Amino acid sequence: MTGQERPGTAEGASFVTSCGRRIAVKCLRLASPEKPISRVTLDVGQDRGGEPGTWAALTADEARDLARLLLAQASRAERPGR
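The residue count restarts for each chain, going from 1 along the sequence in the order it is written. It should be noted that, the model being predicted, local features are given only for residues of pLDDT at least 70 and side-chain atom pairs only at 80 or more, the latter also being counted only at that level, while totals for whole chains, interfaces and linings use all residues. Water and hydrogen atoms were dropped before computing side-chain values, which therefore reflect all heavy atoms in the structure.

1. A short note on the overall build of the protein chain
Item 1. When helices and strands are counted, the protein chain shows 1 helix and 4 strands.
Item 2. Each helix is a run of DSSP H or I of at least 4 residues and each strand a run of E of at least 2, with the numbering of both proceeding from the N terminus. The N-to-C order of helical and strand elements in the protein chain reads β-β-β-β-α.
Item 3. Each residue is assigned to one of three classes by its accessible area relative to the maximum for its type, calculated with a 1.4 Å probe on protein chains only: buried under 20%, partly exposed between the two thresholds, exposed over 50%. The buried share of the protein chain, reckoned over its 82 residues, is 13%.
Item 4. Total accessible area on the protein chain is roughly 6600 Å²; 56% of this is exposed by carbon and sulfur atoms. Accessibility throughout is a Shrake-Rupley quantity obtained with a 1.4 Å probe, and a residue counts as covered only by protein chains that appear here.

Below is the structure:
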């Protein structure tokens, strides 16, 4: 993690990667009379050269699945020799 991160809040959290992209994670709530909608948003911002980023809105289960995959790959990346 970089020195440019901020702790998570009710509004969300973000950090800047070593390649200069800001990744922001927030909770999006849309009020609907029939059924409220909640999503976890992932916003990968522009890189240092101004190339556009991307955005995704995930259900809570999808966000958990993504978290598990990221943690598994982080563990794999830390293991030497593979």
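And the narrative resumes.
2. Some remarks on the pairing of strand E3 (residues 37–44)
Item 1. Here strand E2 (residues 22–30) pairs with E3 via 8 bridges, running antiparallel. Within the sheet, the bridge partner assigned to Leu28 lies in E3 and is Arg39.
Item 2. In this description, strands pair whenever DSSP reports at least two bridges between them. The hairpin formed by E2 and E3 contains 6 residues between the paired strands.
Item 3. With 5 bridges joining them, E3 and strand E4 (residues 54–58) adopt antiparallel strand pairing. The residue of E4 that forms the bridge with Val44 is Thr54.

3. Quick look at the sheet that holds strand E1 (residues 13–16)
Item 1. Strand order in this open sheet of 4 strands is E1-E2-E3-E4, and the pairing throughout is antiparallel. The sheet terminates laterally at E1 and E4, the two strands that pair on one side only. Within the sheet, the average angular offset between the axes of one strand and its neighbour, ignoring direction, is 20 degrees.
Item 2. Across the face of the sheet, helix H1 (residues 60–78) comes into contact with E3 and E4 while running at roughly 120 degrees to E4. For helices, the axis comes from a line fit to the C-alpha atoms of the stretch in contact; other axes are also lines fit to C-alpha atoms, and the angle between any two N-to-C directions lies between 0 and 180 degrees. Any two residues whose heavy atoms approach within 4.5 Å at even a single point are treated as in contact.

4. Topic: the pattern of salt bridges
Item 1. Any Lys or Arg side-chain nitrogen located within 4 Å of an Asp or Glu carboxyl oxygen qualifies as a salt bridge. As enumerated under the stated definition, the model contains 3 salt bridges in all.
Item 2. A salt bridge links Arg21 to Asp47; its shortest N-O distance comes to 3.8 Å. On the criterion of sequence distance, the pair formed by Arg21 in the loop between E1 and E2 and Asp47 in the loop between E3 and E4 is long-range, its members being 26 residues apart.
Item 3. For Asp47, a relative accessible area of 23% corresponds to the partly exposed category.
Item 4. For Asp65, the salt bridge is made with Arg68, and the minimal N-O distance between the two is 2.5 Å. Note that Asp65 and Arg68 are positioned in helix H1 at a spacing of 3 residues, about one turn of the helix.
Item 5. Taking relative accessible area as the criterion, Asp65 reaches 38% and is therefore assigned partly exposed.

On their own, these measurements won't tell you what the molecule is for.
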